[in-house]
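# An overview of the molecular structure
Residue strings, one per chain:
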Amino acid sequence: MSIRQRNVRAPALAVLLLGVFLCTVQSSYAASIAIGSKNFTESRLLAEIMAQLIESRTDLEVDRRTNLGGTALVFAALRAGEIDLYPEYTGTGWAVQLGLTEKVNDPLRVFLRVSREFRVRYGLTWLAPFGFNNTYALALDEAVAERLGVSRISDLLAQQEDIRAGLSHEFLNREDGYPGLSRVYGLALAKLSGMEHGLAYEALASGQLDLIDVYNTDGKLLRYKVRVLTDDRRFFPPYDAAPLIRQDTLARYPVLETVLGELSFRIDDQTMRRLNYQVEVEGGEFAHVARVYLQASGLLDKAEQGPEDARGARPGLLAQIFSGKTLDLLFRHLLLTGLAVLLAIVFAVPLGIALTRWEFLAGPALGAAGIIQTIPSLALLAFMIPIPFLGLGTPAAVAALFLYALLPILRNTYTGIRDVDPELIDAARGMGLRDREILTRVQLPLSWRTIMAGIRTSTVISVGVATLAAFIGAGGLGDPILTGLQLSDMQVVLSGAIPAALLAITIDFLLGRIEHRLVPRGLR
Amino acid sequence: MHRLLLPLIDLEQVSKTFVDPSAKVVRAVDRVSLHVEAGERLCLVGTSGCGKTTTMRLINRLLDASEGRVRVAGEDVQALDPIRLRRRIGFVVQRGGLFPHLTVTRNIELLCELEGWSRTRINARVETLLDLLGLPREAFGDRYPYELSGGQQQRVGIARALALDPQIVLMDEPFGALDPITRREIHAEFLRLCRELDKTIILVTHDMHEAFKLGHRIALMRDGRIEQVGTAKELVERPATDFVRHFVRPEPLLAP
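What counts, and where the lines are drawn
- Residues numbered from 1 in each chain as written.
- Chains lettered and ligands numbered in written order.
- Predicted model: local features only at pLDDT ≥ 70, side-chain atom pairs only at ≥ 80, totals over all residues.
- Helix = DSSP H or I, 4+ residues; strand = E, 2+ residues; numbered from the N terminus.
- Buried ≥ 20, exposed ≤ 12 C-beta atoms within 10 Å, placed from the backbone.
- Contact = placed C-beta atoms within 7 Å.
- Nonpolar A, V, L, I, M, F, W, Y, C, P; charged D, E, K, R; others polar.
- Pairing = 2+ DSSP bridges.
- Axes fitted to C-alpha atoms, helices over the stretch in contact; angles between N-to-C directions.
- Parallel < 35°, antiparallel > 145°, perpendicular 65-115°, else oblique.
- Left-handed = near helix turned anticlockwise from the far one by under 90°.
- pLDDT = per-residue confidence, 0-100.

Helix and strand content of chain B: 11 helices and 10 strands. With 256 residues in all, chain B has 43% of them scored as buried. Across chain B, the fraction of contacts at a sequence separation of at least 24, relative to all contacts at a separation of at least 6, is 68%.

Attention now goes to the overall build of chain A. In terms of regular secondary structure, chain A is built from 22 helices and 10 strands. Across the 524 residues of chain A, 46% fall into the buried class. For chain A, contacts bridging at least 24 residues in sequence account for 78% of all contacts bridging at least 6.

Listed per partner, the contact involves 18 residues of chain B and 18 residues of chain A. Taken together, the elements giving at least two residues each to the side of chain B that touches chain A come down to α2 (82–87) and α3 (104–114) of chain B. Looking at the side of chain B that touches chain A residue by residue, the class counts come to 13 nonpolar, 3 polar and 2 charged.

Our next topic: unusual backbone geometry. Where the residue is not glycine, phi is negative for most of them; where a peptide bond is considered, it is trans in most cases. Phi angles above zero are rare outside glycine, and Phe265 of chain A is one such case at about 50 degrees. Within the element layout of this structure, Phe265 of chain A appears in the loop between α11 (255–261) and α12 (269–280). Note on Phe265 of chain A: 12 C-beta atoms within 10 Å, which makes it exposed. Phi at Arg61 of chain B is positive, roughly 60 degrees, even though this residue is not glycine. For Arg61 of chain B, the location among the structural elements is in the loop between α1 (52–59) and β4 (67–72). A tally of 21 C-beta atoms within 10 Å means that Arg61 of chain B is categorised as buried.

Let us now look at α1 of chain B. Burial of α1 of chain B is extensive: 8 of the 8 residues sit out of reach of the surface. Restricting attention to buried positions, one finds in α1 of chain B the residues Lys52, Thr53, Thr54, Thr55, Met56, Arg57, Leu58 and Ile59 of chain B.

Residue and element names in this part refer to chain A. Pairing in this open sheet of 5 strands is mixed, and the strands run β7-β6-β8-β5-β9 from one edge to the other. Lying at the two open borders of the sheet, with one neighbouring strand each, are β7 (191–195) and β9 (226–228). Taking the axes of each pair of neighbouring strands and ignoring which way they run, one obtains an average angle of 35 degrees across the sheet. As paired strands, strand β5 (residues 136–141) and strand β8 (residues 211–215) are joined by 5 bridges and run antiparallel to one another.

What follows concerns the pairing of strand β3 (residues 41–45) of chain B. Residues and elements named next belong to chain B. Of all 5 residues making up β3, 5 are buried, and the element is well covered by its neighbours. Burial of the side chains of β3 extends over both faces: Arg41, Cys43 and Val45 are buried on one face and Leu42 and Leu44 on the other. Bridging between β3 and strand β9 (residues 217–222) involves 4 bridges; their strand directions are parallel. Each residue of the ladder has a partner; that of Leu42, found in β9, is Arg217.

Listed in full, the buried residues belonging to helix α17 (residues 377–384) of chain A are Ser377, Leu380, Leu381, Ala382 and Met384 of chain A. On its buried face, α17 of chain A sits against α3 (71–79), α18 (394–418) and α20 (435–465) of chain A.

Considering the arrangement of structural elements, one finds Ser193 of chain A in strand β7. For the pair formed by Ser193 of chain A and Ala165 of chain A, sequence separation is 28 residues and the distance between their alpha carbons is 6.4 Å.

Moving on, we come to the packing of helix α15 (residues 324–357) of chain A against helix α22 (residues 490–518) of chain A. Any two packed helices are characterised by the angle at which their axes cross and by the distance between the axes. Residue and element names in this part refer to chain A. Two elements in contact, α15 and α22, have axes whose closest approach is 11 Å; the angle formed by their N-to-C orientations is 45 degrees. With respect to α22, the element α15 is oriented oblique. Crossing angle aside, the handedness with which α15 passes α22 is right-handed. For the pair α15 and α22, the contacting residues are Thr326, Leu330 and His333 in the first and Ser495, Pro499 and Leu503 in the second. Each residue belonging to the contact of α15 with α22 can be placed in one class, and the counts come to 3 nonpolar, 3 polar and no charged.

Residue and element names in this part refer to chain B. Residues at a pLDDT of 70 or more form 95% of chain B, whose mean pLDDT is 89. Confidence, expressed as mean pLDDT per element, reaches its minimum in chain B at helix α11 (residues 251–254) with 48 and its maximum at α3 with 95. Of the two predicted TM-score estimates for the complex, the pTM is 0.67 and the ipTM is 0.89.

Residue and element names in this part refer to chain A. By secondary structure assignment, the location of Pro87 is in strand β3 (residues 85–89). Judged by local crowding, Pro87 falls into the buried class, with 26 C-beta atoms found within 10 Å. Separated by 52 residues in sequence, Pro87 and Ile35 have C-alpha atoms that sit 8.8 Å apart. Once residues lying within four places of it in the same chain are set aside, the contact partners of Pro87 are Ser37, Ser43, Leu46, Ala47, Ala241 and Pro243.

All names here are of chain B. Ordered in space as β6-β7-β8-β3-β9-β10, the 6 strands form an open sheet in which the pairing is mixed. At either margin of the open sheet sits one strand with a lone partner, and together these are β6 (89–92) and β10 (225–230). Strand-to-strand, the axes of this sheet are offset by a mean angle of 15 degrees, without reference to chain direction. Direction of pairing for β9 relative to β10: antiparallel, over a ladder of 5 bridges. Within the sheet, the bridge partner assigned to Arg222 lies in β10 and is Arg225. This element, helix α6 (residues 150–161), spans β6 and β7 (168–172) of the sheet and lies at about 165 degrees to β6.

Residue and element names in this part refer to chain A. Put simply, chain A has an average pLDDT of 84, and 89% of its residues get 70 or more. Low pLDDT, under 50, characterises residues 22–30; the predicted model gives this stretch 6 contacts beyond four residues in sequence or across chains. The low-confidence segment residues 308–312, where pLDDT is below 50, has 8 contacts with residues more than four positions distant or belonging to other chains.

Residues and elements named next belong to chain A. Running from N to C, helix α2 (residues 41–57) and α12 cross one another at 100 degrees; their axes reach a closest spacing of 10 Å. In this view, α2 runs roughly perpendicular relative to α12, as classed from their interaxial angle. For the pair α2 and α12, the contacting residues are Thr41, Glu42 and Leu45 in the first and Met272, Leu275, Asn276, Val279 and Glu280 in the second. When grouped by side-chain class, the residues that make up the contact of α2 with α12 number 4 nonpolar, 2 polar and 2 charged.

In C-alpha cells, the structure reads:
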C-alpha cells in the first residue's frame, strides 16, 4: 500500500513547484527594460553603470540580465528581444556579427560602418561610445619577457616553439583573434591550449603558462607582473565600447539616448582599468563600484544611497557558503533541477512504456534522446534562447535541463520493462490479466528499481548542468561559480561549487533511500 | 457438481500455423480433434516441439486457432472475451510463475482483487487455498517466492490458479523443474487435491510416467498431430502406431 500513498504526494509536489515557477515568471513582465551583459567584469560593470543612471534619471524599472555568457548568447538574447540593450565593442560587431575581414584601424570608420550595417541588418542602434578602447592584447609573464627579451608580438616568432600559451576559447576562434593574428604575424605557437579566461591569470601567476590573451582595460593588468606586448603590425582592430540597443526600445523610450549620452566619451582606458581593478582585485561589489564611480564623476548625487551599498569587500568563504544568499541560490538551483526532472519523469516514463509497445519507434526515440545528450550543455542552453516563450532565464534553463534529463529516464524505463522475465508476463496473461493490469501489477513494479536508477542519474546530472544555467541568467549555484571565475576569486567559486557538490551527493543519497523503500522486499 | 452431456472442452479439426523467420509456414498443430469431459484429467504428452503446449494455449486463447473450432462448455472461444475466458480457466506454468515482488498471499489474491471481491471474502479464500495445499498462512502467507522451496512455489502456483475456483485448470509442465523426490510427493498431493475438488484438468508433460500416473486419459502427440488418445491401458495394449508402441514400451515396467 505504501506505493499508493507516495503516488499521491508526487503530483502534489509537482503542482506546488509549478506554482512557484509561475510566480517567478510573472514578476519579469512588469513595465521595465532589460539590460544584459556578457559574463566578464567590464561588461557587467558597464551594464550596472547604465542601469543605475537610467534608474536615477527615469521612472523605468531596470531588469539586470547580467552574466549572459559570451557574445553569441547575449547577442541572440538582444535580437530575440529578451534584453533591450547591452554594452558591445565595435571590433566585435565588425568581425563577429558582420563577419568582416578587411583590416581597418580607424576607430571612427569602424564605428560608422558597424552602426549603419546593424541598423539595416538587425534593427539595432549603436549609441555614442563610452570612450575607451578595450582591444585584445597579448600579455607575457614579466620574468619570461625579461629573460627572452620579448616586448613586441613579432619578438614571439623566435620563441614560438617554447612559449606556453593559454588563450581563451573565444580568442582562439575569432577571426580578429588568434587565427588572424597568426596569419598576419606568421605565428604558430607550438604549445597552445584553450582555457577559460578567468583562470588564465592564475595559471600564469602559478607558472603554468607564459602567454595569455588579455583585454587592454583588464583590471588584473594592474595586479599581476605581466608585460603587455606591443601590437607592432597593428593587427588588433579597435574595440570601442558602446551601448547597443534595440530600435524599438529606443522608439518607446527616446529618453534613453539622452541619458546614456551622458556617459559618452566619459570613461577612458585608465578609468576603465581602475574600475575593473576595484571589482576584480579589491573585491568591490558591482553595484557599489558603479555607484562610487557615478558619484565621483558628478553623474549621480552623493546623497543617493544604493540598497546594498554597505559592503565594499566580499566576506570569507564560510560566511559566503552559509549566507542567506547561498540559501536563495540553493533553493533556485533545486527549483530548476526539480522542475526539469519532474517534467522529464512525466514525459519519459510514459514514453518509455509506449516504446515497449511500439518497438519500431524505440530506435529513433532513444537515438534522438542520445543525440540531445551529446550536445554540449552550454550550446543546448544557447539553442533555447530564440525559441518563443522560452527566452532567457528560468524557462529556457528548465527546458534545457529537461532535455538532458530525458535519456537516462527514457532508456531505463524502456529496458527495465523489456527486461521483465517473459515467463512472468506469460503467466500473467494466462491468468487473465489485462494489458493495463500486466503493466501496473507486474511490469512497472518489477522494473521500478531500474527506472529509479534512471531518475537518480538524471537528477544528479541536472544538479551539475544546472550550474551552467547561470550563463543564461537563470541563477542558481552557478552564479557564484561564474562570478568567481571572472574575478579569479577561488573563494567565490567554491562558495557555489561546494554547495552544488553537497547538493548532488545529498540528493543521490536521498533518492537512494527512497528507491530502497519503494523496492519490495521480494526483489532485494 | 454439473456434468454436461457435451464435452466440456471440445477441439474440432483445429490447426495452428506460424510463419517462421525464413518466411516458411509451419504447422504447429495439425487438424487436432480432442474431447474432454467434465471432471476428466487429460495429459497431453509428446517430445518437445510436438505441439502439445500450443494445443493447450488454444483453449484459453493465449493463441488463436488458424483453422477449426475450439469450444469451452459448448461456446466457441472466438466469441468470448479472452480476459473473461481466462479467468474461468486456471493456469499453472513451470516453476509456478510466481511474481517475485509479491508475497504468497498477494500472489494468490491478485485475481480476486482484480475481480473486485471484498476483503473478507478474499481473506477467507486465501485461507482456504493455503490450507488445502498444506501451507499454513501464518507460516507462509507473508513470505516472498525466493523464500520458498521449488515444491512450495509450485503449490502456491496451483493455489493461485484455483483462486477464482475455475472449473477447468490448464497446467503446462507444472512439475518439470522439481527433483524426483519432491515430484513424487507433489504428485500424491495433486491426486488428493483432484479427488477433493473435481476439476477438469489438461496437463502438458513430456514425461510418459507422469502422464500414466496423473491422467485418466493420455493424448500422445507427434509433429502437431495426435497419434492416439486413450487410457494408459489402451495405449500399452493396443498402440495405434509404431510410434506409440515405441513411446510407451518401457513404461509398463515402471507404471504402478
